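Letter by letter, the chains look like this.
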There are 2 protein chains.
Amino acid sequence: MRILITNDDGIHAPGLKSIASVAAEFGEAIIVAPDRERSACAHAMTMREPLRVNEVKYQAAPVKAFEVNGLPVDCVNVGLTIGWPDGCDLVLSGINNGPNLGFDVTYSGTVAGAMEGAINGIRSIGVSMAPLSTEKPIDYEIGAIWLRENWDDLVHLDLPPLVFLNVNVPNNPPKGTRLVGMGQRVYKDRVEMREDPWGRPYYWQGGVAVLDGAQPNTDIQAVRDGFTSVTPISLDWTDHEVLKRLQKSFE
Amino acid sequence: MRILITNDDGIHAPGLKSIASVAAEFGEAIIVAPDRERSACAHAMTMREPLRVNEVKYQAAPVKAFEVNGLPVDCVNVGLTIGWPDGCDLVLSGINNGPNLGFDVTYSGTVAGAMEGAINGIRSIGVSMAPLSTEKPIDYEIGAIWLRENWDDLVHLDLPPLVFLNVNVPNNPPKGTRLVGMGQRVYKDRVEMREDPWGRPYYWQGGVAVLDGAQPNTDIQAVRDGFTSVTPISLDWTDHEVLKRLQKSFE
């Protein structure tokens, strides 16, 4: 089994080591990851600059590893070009150092790595650790154990082309796994204005995720309840109900 | 009507001038756009660097205009912060200098600007010029005319929250408008390897869009047939059919 691994936390991220260790148990794995942290880079693609690829020694797992001066999308496409031009069997992205729940999915570089795998016609899975507070450090081993235990299911699930999986693992041993939809995660206080030492304004974007209110059958609720969430994500973002309604009203 | 305008081609792009001219006819418009071209930046968000906002003189339309050292998502959130902290009535993104059809939507900064408007609970529309060849230069006036003529419909369409519109206008006067789904646009030869003057390899990502095969009821087919495509895009990317099937098989 040929497994391409990427992430958005960069080649030195601890979550990458965990996912690579698991992958190496199940097949021939290659890491192609950004040379630095690129969080919240979404499904962006480097088009206007050349990409450089540099093989690095990787101690944490028996895999080949390459760093790229680019984003997860770049890593997947360059990785296939240098590794398996005819495609591979699995793209793994992660393990991310934070949740990718609800609308996070739209900003996430981790999810984007899996998305690009799916666009290339390859089974793809994004994995994130989803602590609900910053009380204790992220324990990637929890994610690695979950991935190892559920490997066969994940690899053999009957998924149509262009559908990939977004996985969020809680930061405590999960009570189980729930197949769920993508919830709604809203941020408050998105932009903060500050002044530099010369009195000129600048802006930080960030904000605090608001997870209040029950969201049954979603990734957010699953993780809040202590379960690992697995969400099948489509590459057709059409709202088909709205489309049908609008088409009727336009006829 | 308060209208926030952004794009991913940057504050100096001709398509921005066209969309701003139309918007200024219908309400109070503010441009908050990247200070340079940021194509294919997707729904990325600047989190690790401060954002600077600089008011610029804008000759092409009677609007206030600000440039930001960031991406469309940043521009929408900073724009709301400096302009209308309680929200505005419409977010417009574009007019992009190329198609955003099918999977382009996942890479597009233009679409991401509209997406961020929708996440903020505001009616949002991304507009792109979609020439099917590079034979003649893009004529943004075609897009502006279409937008002006269809303004009332676009603003009054009965859309639920979190659903926004992705519009692609052909580069010839459109035969009409079709409400359609998001198609599948695959690129060939995504990554090209070259050598620098010192014989070291580097990689360009790009590729050629392949639009062969009929795709009825999609944006791709509509534009190919000479129509403007309007696609309602959802922020729930769950594949609900697959989810139901997998949940059953897991029970």
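Our structure is the block above this text.
Here's a quick rundown of the structure. (Residues numbered from 1 in each chain as written. Chains lettered and ligands numbered in written order. Predicted model: local features only at pLDDT ≥ 70, side-chain atom pairs only at ≥ 80, totals over all residues. Heavy atoms only, no water.)

**Looking at the sheet that holds strand E6 (residues 124-129) of chain A**
Residues and elements named next belong to chain A.
Item 1. If you trace the nine strands from one edge of the open sheet to the other, you get E3-E4-E2-E1-E5-E6-E7-E13-E8, paired in mixed fashion. Edge positions in the open sheet fall to strand E3 (53-56) and strand E8 (177-179), since each of these has one partner strand only. Adjacent strand axes in the sheet meet at a mean angle of 25°, parallel and antiparallel pairs treated alike.
Item 2. Sheet topology places E6 next to strand E7 (residues 163-169); five bridges connect them, and they run parallel. Pairing of Ser 128 across the sheet is with Asn 168, part of E7.
Item 3. Lying over the sheet, helix H1 (residues 14-26) contacts strand E1 (2-6), strand E2 (28-34), strand E5 (90-96) and E6, oriented at roughly 145° with respect to E5.
Item 4. Lying over the sheet, helix H2 (residues 72-82) contacts E1, E2, E3, strand E4 (64-68) and E5, oriented at roughly 150° with respect to E1. (Pairing = 2+ DSSP bridges. Helix = DSSP H or I, 4+ residues; strand = E, 2+ residues; numbered from the N terminus. Axes fitted to C-alpha atoms, helices over the stretch in contact; angles between N-to-C directions. Contact = heavy atoms within 4.5 Å.)

**Some remarks on the pairing of E2 of chain A**
In the case of a regular strand, side chains alternate between the two sheet surfaces.
Residue and element names in this part refer to chain A.
Item 1. By the criterion of burial, E2 is predominantly enclosed, with six of the seven residues buried.
Item 2. Note that E1 and E2 share four bridges and pair parallel. Among the inter-strand pairings, Leu 4 is bridged to a residue of E2, identified as Ile 30.
Item 3. On the question of chirality, the crossover connecting E1 to the parallel E2 by way of H1 is right-handed.
Item 4. Alignment of E2 against E4, held across five bridges, turns out to be parallel. For Ala 33, the partnering residue across the bridge sits in E4 and is Glu 67. (Buried < 20%, exposed > 50% of the residue type's maximum accessible area, 1.4 Å probe, protein only. Right-handed = clockwise from strand over helix to strand, strands pointing away.)

**Topic: the side chain of Gln 221 of chain B**
Residues and elements named next belong to chain B.
Item 1. Its place among the elements puts Gln 221 in helix H6 (residues 219-224).
Item 2. Among the polar contacts made by the side chain of Gln 221, one reaches the main-chain amide nitrogen of Gln 215 at a distance of 3.0 Å.
Item 3. Beyond its immediate chain neighbours, meaning those up to four positions away, Gln 221 contacts Arg 178, Ala 214, Gln 215 and Pro 216. (Polar contact = N/O pair within 3.5 Å; in protein donor to acceptor, adjacent residues only side chain to side chain.)

**Overview of the interface of chain A and chain B**
Item 1. Every contact between the two is made by 66 residues of chain A and, on the other side, 66 residues of chain B.
Item 2. Around 6200 Å² of area is buried between chain A and chain B when both sides are counted, 64% of it from carbon and sulfur atoms.
Item 3. Looking only at chain A, the three residues that lose the most surface to chain B are Tyr 203, Gln 205 and Trp 237 of chain A, adding up to 14% of its buried area.
Item 4. Between Arg 52 of chain B and Asp 196 of chain A there is a salt bridge, and its shortest N-O distance comes to 3.0 Å.
Item 5. Applying the counting criterion to the chain A and chain B interface returns 34 residue pairs in polar contact (both at pLDDT 80 or more).
Item 6. When its residues are assigned to classes, the side of chain A that touches chain B shows 38 nonpolar, 14 polar and 14 charged. (Buried area = accessible area lost by both parts, 1.4 Å probe. Salt bridge = Lys/Arg side-chain N within 4 Å of Asp/Glu carboxyl O. Nonpolar A, V, L, I, M, F, W, Y, C, P; charged D, E, K, R; others polar.)

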